[in-house]
There are 2 protein chains.
Amino acid sequence: MYNNTPINIALVDDHPMILEGLKSLLQQHGRFQIFSFTKGVAILDFIQENTIDVILLDIVLSDANGLDLCKSIKQKSPSSIVIGISNQAERSIIFRFLENGGNGYILKNADAQEIIQCIDKALLGELALSKEVQEIISSPSTSTFELPRLTKREQQILQAIAHGQTSAKIAESLFISVITVETHRRNLMQKFKAKNMIELVKIATENKLL
Amino acid sequence: MYNNTPINIALVDDHPMILEGLKSLLQQHGRFQIFSFTKGVAILDFIQENTIDVILLDIVLSDANGLDLCKSIKQKSPSSIVIGISNQAERSIIFRFLENGGNGYILKNADAQEIIQCIDKALLGELALSKEVQEIISSPSTSTFELPRLTKREQQILQAIAHGQTSAKIAESLFISVITVETHRRNLMQKFKAKNMIELVKIATENKLL
DNA sequence: TTTTTTCTCCTCGTATACCATGATTTTTTC
DNA sequence: GAAAAAATCATGGTATACGAGGAGAAAAAA
């Protein structure tokens, strides 16, 4: 691995700045042969004909979904190492990426050293996670909040509340009693451990439950 | 401007990748002397002692608000040209940045050519906007909701409310009367045209004002 | 079919959000 | 230094959210 043959690295990102940044960070290390792509489909075509050792893949692309793309890449070229790069720091997304065959995950705020370390790790067959990603994964309690499971009715009501509707209005439009609405409300607060509905809606919105 | 003296450019961004990318893009053009910063306060300190021609400023920073930072920079060094760089493509934010003294605005998906063009434009005293930014500005019709501008106090209070705090608690911790807090609350609702605080917090959360 | 979950309804009391209107002082801007 | 904007405090009233605790019927899961 560390002999004379250079390591082929493909960068996939639709931001020219990031692409350029990664390129210059990696070029400083000499051992890499770098290819870059701004489109998801382009990398798929490329690996059809060529062999790539490591692919650094942006999760958010304009023309494709990084998660699905990872899967496709792994199908076409199982030996290629795929490392995700993203601003997305959400547990569930990281896990889904790894489930789809990803060999590692790096946040965009990582520095040069960390990126190189991760690539080295991945080349040795290990799971390559940046420091922050490791923290996110290993602490389900702190940074990421365990989202409670909601019933259909609760979702319905939560949605209505988030749209600014009062309990009375909601009761009216769902043909149930105001009292019932308030019970659901209460249960929702307990489930989310929120101090009040405002905090609850904030949590739900942040976690895209609405 | 185009003679032998190099142009001093400061890059402010908390993502090492972006920083590195910009640096290498600009270095290819030779005429620039580049300084880079990952902290907002650092650039403020720096311009106290040194003269900078152009500052490329990320709007989203970990330790500071790009909008306020732009204002501070312009106060300390009015002759410096400040160009905003961001993923944020919202009209209102762009306008606010320009109102705060910004000389231009570029989206992060801009390519090398565009960035150089914008810097050149700004050096000539013109407003430097990337293509996409121009489109956003010239199309007020789009679905994007005009975000109201909030005062410092309003932001503070909105944030506290979103954290589930009651008016009484907020009044206590800010050393003001409950009545005042409720006035701000009322004004916030009017500004956002929200039916109640719950809806307001949802809107604010969705638009990342918190 | 039994058990569990979900949805529904109930009471009572307190807290506070919400609405309309107005006014003074401080700070910022021109 | 004048004008505008922001922050502060005030009154008074209505509506409703919030919190605790209990309970029966319907639907889903075992």
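Per an unreviewed UniProt entry, chain A carries the name Response regulator transcription factor and comes from Sphingobacterium chuzhouense.

Of all residues adjacent to DNA strand D, which total 19 residues, the nearest are Ser167(A), Met189(A), Thr151(B), Arg153(B) and Thr180(B). In DNA strand D, atoms within 4 Å of the protein come 63% from sugar and phosphate. The side chain of Ser167(A) places a nitrogen or oxygen atom 2.5 Å from a phosphate oxygen of DNA strand D. Arg185(A) is positioned with one of its side-chain polar atoms (N or O) 2.7 Å from a phosphate oxygen of DNA strand D. Taken together, the elements giving at least two residues each to the surface near DNA strand D come down to helix H9 (178-192) of chain A together with helix H7 (152-162) and helix H9 (178-192) of chain B. When residues in the surface near DNA strand D are grouped by element, the largest group, 5 residues, is from H9(B). Its residues assigned to classes, the surface near DNA strand D comprises 4 nonpolar, 8 polar and 7 charged.

Attention now goes to the sheet that holds strand S6 (residues 128-129) of chain A. Adjacent strands of a sheet pair through backbone hydrogen bonds, lying either parallel or antiparallel. Residues and elements named next belong to chain A. Pairing in this open sheet of 6 strands is parallel, and the strands run S2-S1-S3-S4-S5-S6 from one edge to the other. The open sheet terminates on both sides in strands that have one partner only, identified here as strand S2 (32-37) and S6. Two strands pair when backbone bridges link them, and strand S3 (residues 54-58) and strand S4 (residues 81-86) are joined in this way by 5 bridges, in the parallel orientation. Among the inter-strand pairings, valine 54 is bridged to a residue of S4, identified as isoleucine 81. Relative to the sheet, helix H6 (residues 131-138) contacts strand S5 (104-107) and S6, its axis offset from that of S5 by approximately 110 degrees.

What follows covers the interface of chain B and chain A. With 33 residues of chain B in contact, the opposing surface of chain A contributes 34 residues. Of the roughly 2700 Å² buried between chain B and chain A on both sides combined, carbon and sulfur atoms contribute 69%. Looking only at chain B, the three residues that lose the most surface to chain A are Met17(B), Ile198(B) and Lys202(B), adding up to 28% of its buried area. Taken together, the connections running from chain B to chain A amount to 0 salt bridges. Our count for the chain B to chain A interface comes out at 3 residue pairs in polar contact (both at pLDDT 80 or more).

Moving on to the pairing of strand S5 (residues 104-107) of chain B. Two faces belong to every sheet, and in a regular strand the side chains alternate between them. All names here are of chain B. Residues of S5 alternate between two faces, with Gly104 and Ile106 on one and Tyr105 and Leu107 on the opposite face, all of them buried. Of the pairings in the sheet, the one linking strand S4 (residues 81-86) to S5 comprises 4 bridges and is parallel in character. Bridge assignment links isoleucine 85 to a residue of S5, and that residue is isoleucine 106. Of the strand pairs in this sheet, S5 and strand S6 (residues 128-129) are connected by 2 bridges, and their pairing is parallel. Each residue of the ladder has a partner; that of tyrosine 105, found in S6, is leucine 129.

In this section: the pattern of salt bridges. All names here are of chain B. Applying the stated criterion to the full structure yields 10 salt bridges over all chains. A salt bridge links lysine 108 to aspartate 58; its shortest N-O distance comes to 3.5 Å. Residue lysine 108 is located in the loop between S5 and helix H5 (112-123), and its partner aspartate 58 is located in strand S3 (residues 54-58); the two are separated by 50 residues in the primary sequence. With relative accessibility at 2%, the residue aspartate 58 sits in the buried group.

Next up on the list: the protein's contact with DNA strand C. What surrounds DNA strand C is a group of 19 residues, the closest being Thr151(A), Arg153(A), Thr180(A), Ser167(B) and Arg186(B). Among all atoms of DNA strand C positioned within 4 Å of the protein, those belonging to sugar or phosphate total 67%. The side chain of His184(A) places a nitrogen or oxygen atom 3.2 Å from a phosphate oxygen of DNA strand C. Contact distances for DNA strand C include 2.9 Å between a sugar or linking oxygen and a side-chain N or O atom of Arg185(B). Secondary structure elements with two or more residues in the surface near DNA strand C: helix H7 (152-162) and H9 of chain A together with H9 of chain B.

With that settled, consider the pairing of strand S1 (residues 7-12) of chain A. Residue and element names in this part refer to chain A. S1 sits mainly inside the fold: 5 of its 6 residues count as buried. Where S1 meets S2, 6 bridges bridge the pair, whose relative direction is parallel. Paired with asparagine 8 across the two strands is glutamine 33, which belongs to S2. With helix H1 (residues 16-27) bridging S1 and the parallel S2, this β-α-β connection has right-handed handedness.

Our focus in this paragraph is the sheet that holds strand S2 (residues 32-37) of chain B. Residue and element names in this part refer to chain B. Strands sit in the order S2-S1-S3-S4-S5-S6 across an open sheet of 6 strands; the sheet is parallel. Strand pairing shows two members of the sheet lacking a second neighbour, S2 and S6, which therefore form its edges. Sheet topology places strand S1 (residues 7-12) next to S3; 4 bridges connect them, and they run parallel. Each bridged residue has a counterpart across the sheet, and for isoleucine 9 the counterpart in S3 is valine 54. Its contacts with the sheet put helix H4 (residues 91-99) on S3, S4, S5 and S6, and the angle it makes with S5 is roughly 145 degrees. Contacts between H5 and the sheet are confined to S1, S2, S3, S4, S5 and S6, with S4 contributing the most and set at about 155 degrees to the helix.

What follows covers the UniProt feature "modified residue: 4-aspartylphosphate" (unreviewed entry) in chain A. Within this structure's numbering, the places UniProt gives as "modified residue: 4-aspartylphosphate" (unreviewed entry) are Asp58(A). The contact partners of Asp58(A), leaving out residues within four places of it in the chain, are Val12(A), Asp13(A), Asp14(A), His15(A), Gly66(A), Ile85(A), Ser86(A) and Lys108(A).

Time to look at helix H8 (residues 167-174) of chain A. Residue and element names in this part refer to chain A. All of the buried residues along H8 are Ser167, Ile170, Ala171 and Leu174. Here the buried residues of H8 occupy an arc of 100 degrees about the axis, which is enough to place them on one side. More than 90 degrees from the buried face of H8, the exposed residues found are Lys169 and Glu172. Buried residues along H8 sit in contact with H7 and H9. Looking at the residues trailing H8, positive phi occurs at phenylalanine 175, about 60 degrees.

Conventions and cut-offs
- Residues numbered from 1 in each chain as written.
- Chains lettered and ligands numbered in written order.
- Predicted model: local features only at pLDDT ≥ 70, side-chain atom pairs only at ≥ 80, totals over all residues.
- Heavy atoms only, no water.
- Near = heavy atom within 4 Å.
- Polar contact = N/O pair within 3.5 Å; in protein donor to acceptor, adjacent residues only side chain to side chain.
- Helix = DSSP H or I, 4+ residues; strand = E, 2+ residues; numbered from the N terminus.
- Nonpolar A, V, L, I, M, F, W, Y, C, P; charged D, E, K, R; others polar.
- Pairing = 2+ DSSP bridges.
- Contact = heavy atoms within 4.5 Å.
- Axes fitted to C-alpha atoms, helices over the stretch in contact; angles between N-to-C directions.
- Buried area = accessible area lost by both parts, 1.4 Å probe.
- Salt bridge = Lys/Arg side-chain N within 4 Å of Asp/Glu carboxyl O.
- Buried < 20%, exposed > 50% of the residue type's maximum accessible area, 1.4 Å probe, protein only.
- Right-handed = clockwise from strand over helix to strand, strands pointing away.
- UniProt positions renumbered as here; feature names shortened; annotations may be inferred.
- Arc of directions from axis to C-beta.

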